[in-house]
Amino acid sequence: MSGPQPLSGPSGQVPVPGEDAPPGITRSRRSLPASLLVGATLVASIVVVALLSFVWTPHDPLLVQGAQRLQGPSGEFWFGTDRFGRDVFSRLMYGARTTLLVGVVAVGIAGLIGTPLGVLMGSSPRVLGEVVMRFNDLLLAFPALLLAVMFGAVYGSSTLTAMVAIGIATIPVFARVARSGTLQVLSSDYVLAARSAGRTKLAIAVRHVLPNISGLVIVQASVSFAIAVLAEAALSFLGFGTQPPTPSWGRMLQEAQELVAVRPAQAVAPGLAIALAVLGFNLLGDGLRDRLDPRLDDRRGTE
Amino acid sequence: MSADALAAAHPQDPSVSVLEVRDLTVATGGHTLLEDVTFSLGPGERVGLIGESGSGKSLTALAVMGLLPEGLTAGGTVQLRGVETDLLRIGERERSGLRGRRLGMVFQEPMTALNPLMRVGHQVAEVLRIHGTVDDREDATRRAQQLLADVELPDPVRIARRYPHQLSGGQRQRVMLAMALANGPDVLICDEPTTALDVTVQAQMLQLIAAGVADRTSGLLFISHDLPVVATVCERLLVLYGGRIVEAGPTHQLLTRPRHPYTEGLLAASDLEAVDDQGRLPTIPGAVPPDGRFPSGCVFRNRCPRGDEACTVWPGWTGREDHGVACWYPSGAPHG
C-alpha cells in the first residue's frame, strides 16, 4: 500500500515538465491512478482502525450499561449507544476486524482455488473444460446463504464457518471469470507465438495467461469482497454468522433496523462503514487493474 | 548443442534438406483442407509458398510447427534434419524443445503477436532462456539486446525496455524476427510477415529476413499472396490452390513461363500495366470456395478457362518435385 501520499490532482492530466519526449519513452516512475490512491487510503484506514481496536477503544465494546441505553451522539459516546448501552463507536472499531477477516478469507479461498481451476479448465481440451464448467454452473446456481446455513448446522455457527462457506460458494464465480479470460488469452497471437518459441502449456499459463487475466480477477475480487461483507451481515442476522456479543457491522446494522425510526444514527453508522469498505475495495481493485496494465498507464501519461 | 554438431556433420551440404514435407494432409471432420503437400527445404534455401486467401498457406505452416488448432488432424510426414521421428508424430514435449530452437516462426500480425504485458527485451530473452542457450539472466539480456541490434532497431537497450504498444508495427515485426532467429533455427517460417506493414517498411523487413537466414544458413519458408514480395525474397516458389500444390519451380521461370492456368491468372492479376479495353485489371473469375468445398478432381477446374471433362480427375504431378505442375493442359506443352 502506498501510504498517505498527497493526491497529485487528477493524476497525470497536467503536462509534467520533461514529458515532451516522444511518446513511449519509459519514465522512471509512473503516476498513480487516483482510484488506487483513494481506494488504498480507505482500505488502509479500515485496517488501521481494526488493528487499533486490539489495543484501544473509547469504551469496552461489550460492556452493557443499562443506564446509558440509546443515547444520541455526544462527547462521551461519539456515535451514541445501542439499546444495551454499548458504545456504538467502539463496536464499529471492533467490527472492522470481523469485516476484514470475512472479506479477506472468503475472497482468498475463492480466488486461490477458483482462479487456478478456471485457468486449468481453459487450458484443457474443450470437451473436458465444458463438462467441468457445466458442473460449475450448477454450483453457481446454489445459493451461498443456503450453503452457509448448512455449514452452520453441521459445524456450528461461527464467523469461521460463515466465511469458509461464503468462500466456497464464491469459487465457481472465480473459476468462470478465469476460464473465459483464459480462453480469450489462449486464442491470441502472442500465445501462438509463445508456443512457436517452444513454451510449454504450463509456462504459458503462468507467464502469459495469469498476468493477462489478473485485471479480470482483481476486479472480481473487489466485487466478491463487497458481496462477502454483505453475506456475512445477512448470516449474522440469521444467527449463522458472528455470534453475539461479538460485534460485526452486519449484526449492528440488523440490530439497528428495528430502531431506525427512533434512532436512525444507529443504522447509519454501520451502514456507512460497510459502504465505505465496499467502495474502498472496489476502487483499490480498479486502481490496481489500471496500474498493472502498461497500456492504460501510457494512455493516461501521453494523451 | 546438437544443432551445431549436426551442422558440422553436414557442412552446408545443399543436397541434405533441413526440412522434408511428404504428402502433408490436413483434415477437419469430413473436409480435407490440405492434400498431398510435398516439398523440401535445403539449408540457406529460400522457398516461397504463394496462393490466395483460403488456399491453405498458413495451415501448411501451422502443421509443420505442430500448432494446428484443436479439431484439425494432420497426415503424411514432416522430417526435420537430425530428428529421427516424424514431426507429426512426435510428443508435445519434444516438439516444444524443437520449436523456437530449430524451427522459428514470424506471424502476420505484429500488433497482437507480442504479450502486451511484457517488455519486448524480456520476451526476446525468454526465447533464449527456454532452450537453455544462454548461461544466465544477464547473458540473456545482453544477447537479447544484440539480437535487437541485429534487426537494426535503433537504440536496442532502450527498445528492450519498452512494452509492445510503445513500438510501431515495423518495430514489433523486427522484434518478432529477432525472437524467431534467436536460437539460430534450421528452418524459419514467415507467414505473411510484411502484409500488415507499410510498403516502405516492407522492403527493409524483407532485407532483414534474407540477411537473417543467410547468416544462419537457415531454410526459409516464406508465405505470401504478394507476388512481387515473394519474387524479391525467394529462389524457388510453390503455388498452392485449394489445399494442393498446383505448380512449383524456380522463381524466374515460374514468373516468366507459368504453366498452370492458376499461376497465369495470379500473374495477370498482379500486372498493373495490363488492362483490358475498358481499363479494368484482369482478375481470375470466381472466388476461392469456402473450406473443403473445392470441386473434386482438379481443384481449380470451376474457375479454369481450360477446364473440361478430363479435369474431373486430379491430374497428378508431372515433372520434378521442385519443378513441375499438376494440370491436364499445362501451357508450353503439347495438348492431348
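Just so you know, these numbers come straight off a predicted model, no measurement behind them.

Now for the side chain of R172 of chain B. Residue and element names in this part refer to chain B. Along the polypeptide, R172 turns up in helix 7 (residues 169-181). Buried charged residue R172 carries no salt bridge. Nearest counter-charge: E109, at 7.0 Å. When neighbours within four sequence positions are excluded, R172 is seen to be in contact with P110, M111, L114, P164, H165 and L167.

It is worth spelling out the sheet that holds strand 1 (residues 19-28) of chain B at this point. Residue and element names in this part refer to chain B. A sheet is described by the order of its strands in space; here three strands give the open sequence 2-1-4, paired in antiparallel fashion. Every interior strand has two partners, whereas the edge strands, strand 2 (31-41) and strand 4 (73-80), have only one. Averaged over all adjacent pairs, the angle separating strand axes in this sheet is 10°, with direction ignored. As judged from the seven bridges shared by strand 1 and strand 2, these two strands associate in the antiparallel manner. From the neighbouring strand, L19 faces strand 2, where its bridge partner is L41. Contacts from helix 2 (residues 57-65) reach strand 1, strand 2 and strand 4, with the element oriented near 110° to strand 1.

It is worth spelling out the sheet that holds strand 10 (residues 318-320) of chain B at this point. Residue and element names in this part refer to chain B. Read across the sheet, eight strands follow the order 5-6-7-3-8-9-11-10 without closing on themselves; strand pairing throughout is mixed. The sheet is open, and its two edges are formed by strand 5 (103-106) and strand 10, each paired on a single side. Averaged over all neighbouring strand pairs, the angle between strand axes comes to 20°, with direction disregarded. The sheet contact formed by strand 9 (residues 244-250) and strand 11 (residues 323-325) spans two bridges and is antiparallel. Looking at the pairing, E247 lines up with V325 of strand 11. The strands touched by helix 2 within the sheet are strand 3 (46-50), strand 5, strand 6 (187-191), strand 7 (219-224) and strand 8 (236-241), with strand 5 carrying the most contacts at an inclination of about 150°.

On to the confidence of the model for chain B. Residue and element names in this part refer to chain B. Summary statistics for chain B give a mean pLDDT of 85 and a share of 93% for residues scoring 70 or more. Taken together, the stretch residues 1-12 has pLDDT below 50 and engages in 13 contacts with residues farther than four places along the chain or on a different chain. For this predicted complex, the interface score ipTM comes out at 0.76, while the overall pTM is 0.76.

Further remarks concern the nonpolar core. All names here are of chain B. Formed by 99 residues in total, the largest nonpolar core has its most connected members in L19, V175, L177, L188, I189 and F222. Residue contributions to this core peak at seven residues, all from helix 7. Those residues in contact with F222, other than ones at most four positions away along the chain, are V47, G48, L49, C190, P193, L206, I209, V229, V230, V233 and C234.

Before going further, it helps to spend a moment on unusual backbone geometry. For D23 of chain B, which is not a glycine, the phi torsion comes out positive at approximately 50°. Position of D23 of chain B relative to the elements: it lies in strand 1.

What follows deals with the confidence of the model for chain A. Residues and elements named next belong to chain A. Averaged over all residues, the pLDDT of chain A is 79; the fraction at 70 or higher stands at 85%. Averaged pLDDT values over the elements of chain A bottom out at 54 in helix 10 (residues 294-302) and peak at 91 in helix 5 (residues 159-186). Within the model, pLDDT remains below 50 along residues 299-303, and this stretch shows eight contacts once partners closer than five positions in the same chain are excluded.

Residues and elements named next belong to chain B. In terms of residue burial, strand 6 counts as a mostly covered element, since five of its five residues are buried. Of the two faces of strand 6, both are covered, the one formed by V187, I189 and D191 as well as the one formed by L188 and C190. The pairing of strand 5 with strand 6 spans four bridges and is parallel. Within the sheet, the bridge partner assigned to L103 lies in strand 6 and is V187. Direction of pairing for strand 6 relative to strand 7: parallel, over a ladder of five bridges. Bridge assignment links V187 to a residue of strand 7, and that residue is G219. Note on the crossover from strand 6 through helix 8 (residues 199-216) to strand 7: the handedness is right-handed.

A word on the interface of chain A and chain B. Taken together, the contact pairs 25 residues of chain A with 32 residues of chain B. Of the roughly 2400 Å² buried between chain A and chain B on both sides combined, carbon and sulfur atoms contribute 56%. Put simply, chain A and chain B have two salt bridges between them. Between E126 of chain B and R199 of chain A there is a salt bridge, with the nearest N and O atoms lying 3.1 Å from each other. Mapped onto the side of chain A that touches chain B, the elements with two or more residues apiece are helix 6 (189-196), helix 7 (201-238) and helix 10 of chain A. Of the residues forming the side of chain A that touches chain B, the biggest block, six residues, is contributed by helix 6 of chain A. When its residues are assigned to classes, the side of chain A that touches chain B shows nine nonpolar, seven polar and nine charged.

Okay, a nonpolar patch on the surface next. A cluster of nonpolar residues, V47, L51, L52, F54, V55 and W56 of chain A, forms a patch on the protein surface that exposes about 610 Å² of accessible area. With respect to the helices and strands, F54 of chain A occurs in helix 1 (residues 34-55).

What counts, and where the lines are drawn
- All residue numbers here refer to positions counted from 1 along the written sequence of the relevant chain.
- Written order determines the labels here, with chains lettered from A and ligands numbered from 1.
- Residues qualify for local features only when their pLDDT is at least 70, as the model is predicted, and side-chain atom pairs are given and counted only at 80 or more; totals for whole chains, interfaces and linings, by contrast, use all residues.
- Only hydrogens and water are set aside; all other atoms, that is, all heavy atoms of the structure, feed into the side-chain values.
- Only DSSP runs of H or I with at least four residues qualify as helices, and only runs of E with at least two residues qualify as strands; both kinds are numbered from the N terminus onward.
- Per-residue accessibility, obtained with a 1.4 Å probe over protein chains only, is compared with the maximum for each type, and a residue is labelled buried under 20%, exposed over 50%, and partly exposed between these values.
- Charge convention: Lys and Arg are scored as positive, Asp and Glu as negative, and His as well as the terminal groups of each chain are ignored.
- By salt bridge we mean one thing: a side-chain nitrogen of Lys or Arg within 4 Å of a carboxyl oxygen of Asp or Glu.
- We call two residues in contact when some of their heavy atoms are within 4.5 Å.
- A pair of strands is labelled paired if DSSP reports no fewer than 2 bridges between them.
- Note on method: axes are straight lines fitted to C-alpha atoms, helices fitted across the in-contact stretch only, with angles between N-to-C directions ranging 0 to 180 degrees.
- Confidence of the predictor in every single residue is expressed as pLDDT, which spans 0 to 100.
- For this analysis, a nonpolar core means a set of buried residues of the types Ala, Val, Leu, Ile, Met, Phe, Trp, Tyr and Cys, connected via side-chain atoms within 4.5 Å.
- Here the term right-handed applies to a crossover when the path leading from its first strand over the helix to its second strand runs clockwise, the strands being oriented away from the viewer.
- Buried area, as used here, totals the accessible surface that two parts lose on assembly, with accessibility defined by a 1.4 Å probe and the loss added over both.
- Under the scheme applied, nonpolar residues are Ala, Val, Leu, Ile, Met, Phe, Trp, Tyr, Cys and Pro; charged residues are Asp, Glu, Lys and Arg; polar residues are all the others, including Gly.
- Each patch is built from residues that are more than 30% exposed by relative accessible area and take part in no salt bridge. Like charges join if they lie within 9 Å; nonpolar side chains (Val, Leu, Ile, Met, Phe, Trp, Tyr) join within 5 Å.
- Each accessible area is a Shrake-Rupley result for a 1.4 Å probe, and residues are judged covered by the shown protein chains and nothing else.

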